[in-house]
Amino acid sequence: MLSVEDWAEIRRLHRAEEMPIKVIARTLGVARNTVRAALAADGPPKYARTPAGSAVDAFEALIREQLQAVPTMPATVIAERVGWTRGLTVFKERVRELRPAYLPPDPASRTTYEAGELAQFDFWFPPIELPVGFGQSRTAKRLPVMTMVSGYSRFAGATLIPSRDTEDLYAGWWRLLSEQLGAVPRTLVWDGEGAVGRWRARAPELTLDCQAFRGVLGVKVYICKPADPEAKGMLERFHDYLERSFLPGRRFTSPADFNTQLAGFLVKANARRMRVLGCRPDDRVGADRAAMLALPPVAPEVGWRATTRLPRDHYIRLDSNDYSVHPSVIGRRVEVHADLDRVWVTCEGTVVADHARVWAWHQTITDFEHAVAAKLLRRGRADLLRPVPDPGSGDQVEVRPLGTYDAAFGLDGLDDELDGQVS
């Protein structure tokens with residue numbers, strides 16, 4: 001067989017050097033017919049091995065008859081019916097090659113999303129241990145990272161929140177929509193989170209908090225069916241990407257540090273080219289936002305809200321921690337507010353406490369100003385209960401001699417009697 005090198009040289013000598021076929025054959029030591037064949041060929045010579053026959057060739061017509069009758073018939077049943085007595089490996093391979101010709105076409109549907117159509121939400125629990133202050137730390141089960149991926153642009157967002165409680169969930173949900181995405185998709189997809197909704201009696205049922213939240217936004221909330229991970233495949237891939245690309249080699253000192261590093265990583269993640277899109281999420285998010293709904297003019301009420309009467313110890317409890325309040329409003333009705341970062345208390349519209357939210361558990365957080373005010377108020381109340389007379393006032397307290405008290409108690413002359421006994 002002529003080598004590719006000789007084939008290329010023959011064509012060069014004939015086309016570039018204009019050398020006759022007879023001279024080329026004599027120069028390269030090949031037959032003239034070989035030169036003619038090389039010049040007539042459209043491509044380089046290839047070795048083509050003549051396929052050897054297979055024992056199953058004689059049974060192919062019988063196999064086709066069985067498949068035409070029942071296209072889904074198992075290969076083992078076909079082998080039995082056509083009288084095949086040898087190994088099943090080559091027989092099954094032939095059946096696998098022939099079967100598609102007798103089955104109806106089964107094209108796979110490609111999932112696509114319109115701009116502004118939807119975004120998926122879920123929780124990711126990073127397998128790390130994170131310090132939260134006061135010598136405490138949290139492990140994966142207590143580290144809920146709320147994640148989001150938009151269907152059209154694949155724009156991703158995420159934030160670590162203190163808990164999966166209803167108050168924190170909706171505060172984190174609003175943060176992703178308002179601060180990271182900057183718009184509201186027409187459909188918000190969740191995977192059966194208890195604070196959002198669940199499937200009941202073969203139908204999705206949203207919580208009252210979710211109904212109120214989506215009503216302010218003017219959107220639809222879709223709850224995925226149980227055991228249906230494909231419904232949120234974009235988020236599953238995003239979670240895997242975070243574990244492989246974000247976590248390795250990083251160290252976190254606090255929840256705030258975690259969110260800071262995560263925000264920086266998301267900027268790079270949304271700027272990377274995605275094969276499924278053929279571009280970057282940043283290239284499509286503009287059109288995605290333009291097709292979404294605008295943020296509502298009045299933000300939905302999210303976070304912690306409670307009304308209570310401030311007790312004498314002037315502390316309020318939130319998420320297992322006690323926060324001090326200015327003692328001047330003891331006994332009065334106060335409103336407790338909290339979001340993902342702060343805890344504050346108001347009384348008749350005036351802020352009487354403002355603390356950074358603590359992620360550790362069972363702690364007492366005291367503002368120095370509140371402690372000083374409480375000490376002064378306690379001292380003033382003690383003076384009120386035991387008043388001290390003013391020396392400069394007109395009211396003078398009479399100072400009586402001790403003999404007055406001796407006469408009152410019948411002790412007059414007792415000292416003289418005692419002196420006589422001693423002498």
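Residues numbered from 1 in each chain as written. Predicted model: local features only at pLDDT ≥ 70, side-chain atom pairs only at ≥ 80, totals over all residues. Heavy atoms only, no water.

**Student:** For this particular structure, what's the right way to read the sheet that holds strand β12 (residues 321-324)?
**Tutor:** The strands that make up a sheet pair up through hydrogen bonds in the backbone, lying either parallel or antiparallel. Spatially, the three strands line up as an open sheet ordered β11-β12-β16, and their pairing is mixed. Of all strands in the sheet, those bounded by a partner on one side alone are β11 (315-318) and β16 (364-365). Sheet analysis places β12 next to β16, joined by two bridges and oriented parallel. Within β16, the position partnered with D322 by the bridge is T364. (Pairing = 2+ DSSP bridges. Helix = DSSP H or I, 4+ residues; strand = E, 2+ residues; numbered from the N terminus.)

**Student:** Teacher, can you tell me more about the packing of aromatic side chains here?
**Tutor:** Here the distance between the centres and the angle between the planes together describe a pair of aromatic rings. According to the stated counting rule, one finds 15 aromatic pairs in the structure shown. Ring geometry for F246 and F252: centres 5.8 Å apart, planes at 40°, overall tilted. The residues F246 and F252 share a single accessibility class, namely buried. On the numbers, 4.8 Å between centres and 55° between planes, the contact of F252 with F258 is tilted. On the basis of relative accessible area, F258 is assigned to the buried category, the value being 1%. Aromatic ring contacts, followed pair by pair, group F121, F123, F125, Y170, W173, W190 and F213 into a single cluster. Against the face of Y241 rests R272, its NZ or CZ located 4.0 Å from the ring centre. In this arrangement the basic side chain of R284 is found over the ring face of Y152, its NZ or CZ atom lying 3.9 Å from the centre. (Phe/Tyr/Trp six-rings, centres within 6.5 Å; stacked < 30°, edge-to-face > 60°. Buried < 20%, exposed > 50% of the residue type's maximum accessible area, 1.4 Å probe, protein only. Lys NZ or Arg CZ within 6 Å of the ring centre and 35° of its normal.)

**Student:** Hey, could you run me through the nonpolar core in this one?
**Tutor:** The tendency in soluble globular proteins is for nonpolar side chains to be buried as a group. Within the largest apolar cluster, 45 residues are counted, with the highest numbers of intra-cluster contacts made by F238, F246, F258, L262, I316, V325 and V345. No other element matches helix α9 (residues 233-246), which puts six residues into this core. Apart from residues lying up to four places away in sequence, V345 is in contact with I316, V325, V334, E335, V336, T350, V351, V352 and A353. Residues F121, I161, A183 and L206 belong to the second largest nonpolar core, which totals 32 residues. (Core = buried A, V, L, I, M, F, W, Y, C linked by side-chain atoms within 4.5 Å. Contact = heavy atoms within 4.5 Å.)

**Student:** What should I look at first to understand the sheet that holds strand β14 (residues 342-347) in this one?
**Tutor:** The strand order across the open sheet built from four strands is β10-β13-β14-β15, with neighbouring strands paired in antiparallel fashion. Both edges of this open sheet fall to β10 (304-309) and β15 (350-356), since each of them pairs with a single strand only. On average, adjacent strands in this sheet sit at an angle of 20° to one another, irrespective of strand direction. Inspection of the sheet shows β10 paired to strand β13 (residues 333-338) by six bridges, in the antiparallel sense. Its bridge partner being in β13, T307 is matched across the sheet by E335. (Axes fitted to C-alpha atoms, helices over the stretch in contact; angles between N-to-C directions.)

**Student:** Mind showing me how you'd approach the side chain of R99 here?
**Tutor:** Its location among the elements puts R99 in the loop between α6 (88-98) and β1 (118-124). Buried R99, no salt bridge; nearest opposite-charge side chain is E97, N-O distance 12 Å. Apart from the residues within four sequence positions on either side, R99 is in contact with L67, P71, T72, M73, P74 and A75. (Lys, Arg positive; Asp, Glu negative; His and termini not counted. Salt bridge = Lys/Arg side-chain N within 4 Å of Asp/Glu carboxyl O.)

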